[in-house]
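Examination of the molecular architecture
Take a look at the letters that make up each chain.
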Amino acid sequence: GAVVSQHPSRVICKSGTSVKIECRSLDFQATTMFWYRQFPKQSLMLMATSNEGSKATYEQGVEKDKFLINHASLTLSTLTVTSAHPEDSSFYICSARGADSARLSVFGPGTRLTVL
Amino acid sequence: DQQVKQNSPSLSVQEGRISILNCDYTNSMFDYFLWYKKYPAEGPTFLISISSIKDKNEDGRFTVFLNKSAKHLSLHIVPSQPGDSAVYFCAASSTGTASKLTFGTGTRLQVTL
């Protein structure tokens, strides 16, 4: 079946630094990728939707200059948390959907970000 | 504004019995619903889905029921197994937004021996 990977699985960084998270579709071409964030014991909140080759669409309240999303190829999307602060510590999850996947997308394993 | 709600944060069920997880939604534009299972520090795993043109979908031990008039859906797991212990999220989407999902807050299911 379709598999989505994320790298790194967990990262600890100092406040003020930038962190890049990769999301890859391993055996299919992902025309659309989604980035979610989950705080402890809370729901998954959609941050942004990215289509290959175009700018990401951000949800209300998500700063596009802080959370940079690049979807340069059909198998890779990256999320860069710029100038990270402790409140950005969260579990970041991507999902990917292929052109023929109707309305079902596959989730990656997530990345745990801790900002000190 | 929580458009998808799971009012029970946790549920404990004995092995072999039926687990019933509930989900309510407020957005009448939602026409596709999914259930995901999630373990800590892992991404969600798709379980089962249902389109608004149906009121029931079954896959092995998992059955999802949809009551559109009540804007309510439920996931039945029978028989429940210890390996089913996880957090279950319901999610919803509408045709206009394709796979953009709105998630509920999750229900932690504990299946006891």
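These remarks concern the structure in this document. (Residues numbered from 1 in each chain as written. Chains lettered and ligands numbered in written order. Predicted model: local features only at pLDDT ≥ 70, side-chain atom pairs only at ≥ 80, totals over all residues. Heavy atoms only, no water.)

**Re the sheet that holds strand β3 (residues 19-25) of chain B**
All names here are of chain B. Within the open sheet, the five strands sit side by side as β1-β3-β8-β7-β6. Their pairing is antiparallel. Looking at which strands have only one partner, the edges of the open sheet turn out to be β1 (4-5) and β6 (56-59). Two elements, strand β7 (residues 62-67) and strand β8 (residues 72-77), share six bridges in a ladder whose sense is antiparallel. The partner of Phe 65 across the bridge, within β8, is Ser 74. (Pairing = 2+ DSSP bridges. Helix = DSSP H or I, 4+ residues; strand = E, 2+ residues; numbered from the N terminus.)

**Things to note about the nonpolar core**
In terms of nonpolar packing, the biggest core is built from 24 residues, with Trp35(A), Phe67(A), Leu79(A), Tyr92(A) and Leu113(A) touching the most fellow members. Every residue in contact with Phe67(A), bar those within four places of it in the chain, is listed here: Arg37(A), Met47(A), Tyr58(A), Val62(A), Leu79(A), Thr80(A), Val81(A), Asp88(A) and Tyr92(A). By size, the runner-up hydrophobic cluster in this structure holds 23 residues, among which are Val4(B), Ile48(B), Val64(B) and Cys90(B). (Core = buried A, V, L, I, M, F, W, Y, C linked by side-chain atoms within 4.5 Å. Buried < 20%, exposed > 50% of the residue type's maximum accessible area, 1.4 Å probe, protein only. Contact = heavy atoms within 4.5 Å.)

**Some remarks on the sheet that holds strand β8 (residues 76-81) of chain A**
Within a sheet, adjacent strands bond to each other through the backbone by hydrogen bonds, running parallel or antiparallel. Residues and elements named next belong to chain A. Ordered by their spatial adjacency, four strands build an open sheet running β1-β3-β8-β7, and the pairing between neighbours is antiparallel. Two strands bound the open sheet, and with one partner strand each, they are β1 (4-7) and β7 (67-73). Strand-to-strand twist across the sheet, computed as the mean angle between neighbouring axes with direction ignored, equals 15°. Here β1 pairs with strand β3 (residues 19-25) via four bridges, running antiparallel. When the sheet's bridge partners are listed, Val 4 is paired in β3 with Ser 25. (Axes fitted to C-alpha atoms, helices over the stretch in contact; angles between N-to-C directions.)

**So, the interface of chain B and chain A**
Listed per partner, the contact involves 21 residues of chain B and 19 residues of chain A. Taken over both partners, the interface formed by chain B and chain A buries close to 1,600 Å², and the fraction arising from carbon and sulfur atoms is 59%. Remark: the boundary between chain B and chain A carries one salt bridge. Inspection of the region where chain B meets chain A yields five residue pairs in polar contact (both at pLDDT 80 or more). Looking at side-chain class alone, the side of chain B that touches chain A contains ten nonpolar, seven polar and four charged residues. (Buried area = accessible area lost by both parts, 1.4 Å probe. Salt bridge = Lys/Arg side-chain N within 4 Å of Asp/Glu carboxyl O. Polar contact = N/O pair within 3.5 Å; in protein donor to acceptor, adjacent residues only side chain to side chain. Nonpolar A, V, L, I, M, F, W, Y, C, P; charged D, E, K, R; others polar.)

**Considerations on the packing of aromatic side chains**
Applying the stated criterion to the full structure yields ten aromatic pairs over all chains. For the ring pair Phe107(A) and Phe103(B), a centre distance of 5.8 Å and an interplane angle of 75° mean the geometry is edge-to-face. With Phe107(A) in strand β10 (residues 106-107) and Phe103(B) in strand β10 (residues 102-103), the pair connects residues from two separate chains. Summarising the aromatic geometry, the rings of Tyr25(B) and Phe33(B) are spaced 4.7 Å apart at their centres and angled 40° between planes, so their arrangement reads as tilted. Classification of Phe33(B) as buried rests on a relative accessible area of 1%. Cluster of aromatic residues (ring-pair linked, three or more members): Tyr36(A), Phe107(A), Tyr36(B), Phe46(B), Phe89(B) and Phe103(B). It is Lys66(A) that lies over the ring of Phe67(A); its NZ or CZ is 6.0 Å from the centre. (Phe/Tyr/Trp six-rings, centres within 6.5 Å; stacked < 30°, edge-to-face > 60°. Lys NZ or Arg CZ within 6 Å of the ring centre and 35° of its normal.)

**Comments concerning the pattern of salt bridges**
This model, assessed by the stated rule, comprises four salt bridges over all chains. The salt bridge partner of Glu22(A) is Arg24(A), with a shortest N-O separation of 3.4 Å. Among the residues examined, Arg24(A) registers a relative accessible area of 33% and is labelled partly exposed. The partner of Arg61(B) in a salt bridge is Asp84(B), and the shortest N-O contact between them spans 2.8 Å.

**Digging into the side chain of Thr80(A)**
Residues and elements named next belong to chain A. Considering the arrangement of structural elements, one finds Thr 80 in strand β8. The exposure class assigned to Thr 80 is buried, which follows from its relative accessible area of 16%. The residues contacting Thr 80, other than those within four sequence positions of it, are Ser 18, Val 19, Lys 20, Lys 66, Phe 67 and Leu 68.

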